[in-house]
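# Fold and geometry: a report
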Amino acid sequence: TKSKNVIAVSSGTAALHLALRAMGVKQHSEVIVPSLTFVASVNVIKYLNAYPVFMDVKEDHNLDIKKTIEFLNKKTTFKNNHTFNKKSKRKITAIIITHMWGNALDFFDLKKICKKKNIRVIEDAAEALGTFYKKGNFKDKHVGTIGDIGCLSFNGNKIITTGSGGAILTGDKTVAKKIIYL
């Protein structure tokens, strides 16, 4: 993947769990997640006593970027360098982008808004290892290398398997050190 930092872990679920912890997800905060995903993506949010905020998906079963941006622009507020859900009053700390069925989700516009709103982007690329972007702003990059952290799974049902295991990808050395510590 040409990722600067790769950390081996026991599973894709462990990768997601460590990613959320490294990105500062804490009890009572919220994490945006697609309404169609694998249970691991939601379980790890609940492990931290945080709350999933489900967003619609498109026909390809990937997150609907337009609706997610609309939610962030209309149903959240930004104060003290954090984004809060207007309805729940909880801080939104992260978003999990799941690349379903090996399809690379082009989330360039969403990534820009997340950066402005201090929402960390975690890519669940468990089903998409080996998938490259063929066009657009991420052309020739692997899925899992665009967000703050990418998570892979090597479970028996995945594209590349070692029977079990997973990995975390990040370009940020400080984040990598934190994950290794955790």
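Residues numbered from 1 in each chain as written. Predicted model: local features only at pLDDT ≥ 70, side-chain atom pairs only at ≥ 80, totals over all residues. Heavy atoms only, no water.

### Examining the packing of helix α1 (residues 12–22) against helix α2 (residues 39–47)
The following threshold applies: Here an angle of 0 to 180 degrees is reported between the N-to-C directions of two axes, which are lines fitted to C-alpha atoms, with helices fitted over the stretch in contact. Numbering goes from the N terminus for both helices and strands, where a helix is a DSSP run of H or I of at least four residues and a strand is a run of E of at least two. These descriptions rest on fixed angle ranges, namely under 35 degrees for roughly parallel, over 145 for roughly antiparallel, 65 to 115 for roughly perpendicular, and the rest for oblique. Take the far helix as the reference: if the near one is turned anticlockwise from it by less than a right angle, the crossing is left-handed, and if turned clockwise, right-handed. In what follows, a contact means two residues having at least one pair of non-hydrogen atoms within 4.5 Å. Side-chain classes are defined by residue name, with Ala, Val, Leu, Ile, Met, Phe, Trp, Tyr, Cys and Pro counting as nonpolar, Asp, Glu, Lys and Arg as charged, and the others, Gly among them, as polar.
It is at 9 Å that the axes of α1 and α2 come closest, and there the two elements cross at 45 degrees. The pairing of α1 with α2 is recorded here as oblique in orientation. Remark: the crossing between α1 and α2 carries right-handed chirality. Contacts between α1 and α2 involve T13, L16, H17 and L20 from the former and A40, S41, V44, I45 and Y47 from the latter. In terms of residue class, the contact of α1 with α2 is built from six nonpolar, three polar and no charged.

### Section: the packing of aromatic side chains
Basically, it comes down to this: Paired rings are identified among Phe, Tyr and Trp, the last through its six-membered ring, by centres lying within 6.5 Å, and are further divided according to the angle between planes into stacked (under 30 degrees), edge-to-face (over 60) and tilted (the rest). Here the term buried applies to any residue with accessible area under 20% of the maximum for its type, exposed to any over 50%, and partly exposed to those in between, with areas from a 1.4 Å probe on protein chains only. Ring-over charges, as used throughout, are those where CZ of Arg or NZ of Lys falls within 6 Å of the ring centre and within 35 degrees of the ring normal.
Counted by the stated rule, this structure contains four aromatic pairs. When the centroid spacing of 5.9 Å and the interplanar angle of 65 degrees are considered together, the rings of F108 and F138 count as edge-to-face. On the criterion of sequence distance, the pair formed by F108 in helix α4 (residues 108–116) and F138 in the loop between β7 (120–124) and β8 (149–153) is long-range, its members being 30 residues apart. Relative accessible area serves as the criterion here: at 27%, F108 is assigned to the partly exposed category. Geometrically, the ring pair formed by Y133 and F138 is edge-to-face, given 5.1 Å between the ring centres and 65 degrees between the ring planes. Accessibility classification places Y133 together with F138 in one group, the buried group. Among the aromatic residues, ring-to-ring pairing joins F107, F108, Y133 and F138 into one connected group. Looking at R90, its charged tip hangs above the ring of Y51, at a distance of 3.6 Å from the centre.

### Comments concerning the packing of helix α3 (residues 65–74) against α4
Contact geometry of α3 with α4 gives a least axis separation of 9 Å together with a crossing angle of 20 degrees. When the interaxial angle is binned, α3 and α4 end up roughly parallel. The handedness of the crossing between α3 and α4 is left-handed. Listed contacts from α4 to I65, T68, I69, L72 and N73 of α3 are D109, L110, I113 and C114. Here the residues of the contact of α3 with α4 are counted per class, giving six nonpolar, two polar and one charged.

### A closer look at helix α5 (residues 173–181)
Applied cut-off: The directions considered for the arc are those from the helix axis to the C-beta atoms.
Along α5, the residues classified as buried are V175, A176 and I179. In an axial view of α5, the angular spread of the buried residues amounts to 100 degrees, which keeps them on one side of the axis. Across from the buried face of α5, at angles greater than 90 degrees, the exposed residues are K173, T174, K177, I180 and Y181.

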